[in-house]
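Secondary and tertiary structure notes
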Amino acid sequence: FVGFDLNSRFINAAKMRYSSIQNLSFHVVDLNELPSNKKFNECTAVWFSQTLSWLDWWEGAVQAICPINIKRVGLSTLSWPMEMESEVIHYLEGKSVNPDNYVKYNVLSIEKLMRRLASFGLENSSYEKFEIDINIDPLNKSRLGSYTLETQVGERLIFSAWQAMPLYNFYFERIF
């Protein structure tokens, strides 16, 4: 098993936490450099944990990994069952154009995501909405952080600050 991330703090934390596992390694790698990484070329499956929702161009990320001999792709991402996609900008401190002061959330179209991976021979085997079955209260009255709100019909919606987080898990397999 091989873990990749752009952030060296995350990689160092993972190395410390999982140091006792023999067949696991972690590497600092930019997503765009994955196809040229020797360790990545040995992989047969890949999991994107909420990666695509934070990238400027998710289709480029998918294109970067799909030409490799990946047989399975799993991913979790913000998405919804409609053709429309959105980019939401959450300003952290006032409305500043400084990229350090905002976070972007991309909400992808489930249909478009499935079509894009299918164009590389990866067919969707399953997907499901990520559900939380407990109430999570906001950390404070400003509603910063993640929390859930229960609807009148008993569904729990996941929020981060004011943004609803429609998180889905997907599993794709390469059709040869």
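Residues numbered from 1 in each chain as written. Predicted model: local features only at pLDDT ≥ 70, side-chain atom pairs only at ≥ 80, totals over all residues. Heavy atoms only, no water.

Quick notes on the packing of helix H3 (residues 58–65) against helix H4 (residues 110–118)
Closest axis-to-axis distance for the H3/H4 pair is 10 Å, and the angle between their directions is 30°. Between H3 and H4, the angle falls in the class roughly parallel. The handedness of the crossing between H3 and H4 is right-handed. Of the residues in H4, those in contact with Trp-58, Glu-59, Val-62 and Gln-63 of H3 are Lys-112, Leu-113, Arg-116 and Leu-117. Among the residues forming the contact of H3 with H4, the class breakdown is four nonpolar, one polar and three charged. (Axes fitted to C-alpha atoms, helices over the stretch in contact; angles between N-to-C directions. Helix = DSSP H or I, 4+ residues; strand = E, 2+ residues; numbered from the N terminus. Parallel < 35°, antiparallel > 145°, perpendicular 65-115°, else oblique. Left-handed = near helix turned anticlockwise from the far one by under 90°. Contact = heavy atoms within 4.5 Å. Nonpolar A, V, L, I, M, F, W, Y, C, P; charged D, E, K, R; others polar.)

Considerations on the pattern of salt bridges
Enumeration according to the criterion identifies five salt bridges in this entry. Among the salt bridges present, the one from Arg-115 reaches Glu-83, with a minimum N-O distance of 3.0 Å. Note that Arg-115 is positioned in helix H4 and Glu-83 in the loop between strand E4 (72–80) and strand E5 (86–91), a separation of 32 residues in sequence. The partly exposed category is assigned to Glu-83, whose relative accessible area is 48%. Across the salt bridge formed by Lys-129 and Glu-155, the nearest N and O atoms sit 2.9 Å from each other. Within this pair, whereas Lys-129 is found in strand E7 (residues 122–129), its partner Glu-155 is found in the loop between strand E8 (146–150) and strand E9 (156–160), the two being separated by 26 residues in sequence. For Lys-129, a relative accessible area of 28% puts it in the partly exposed group. Its relative accessible area of 30% is what places Glu-155 among the partly exposed residues. One continuous salt-bridge network, built from bridges that share partners, spans Glu-59, Glu-85 and Lys-112. (Salt bridge = Lys/Arg side-chain N within 4 Å of Asp/Glu carboxyl O. Buried < 20%, exposed > 50% of the residue type's maximum accessible area, 1.4 Å probe, protein only.)

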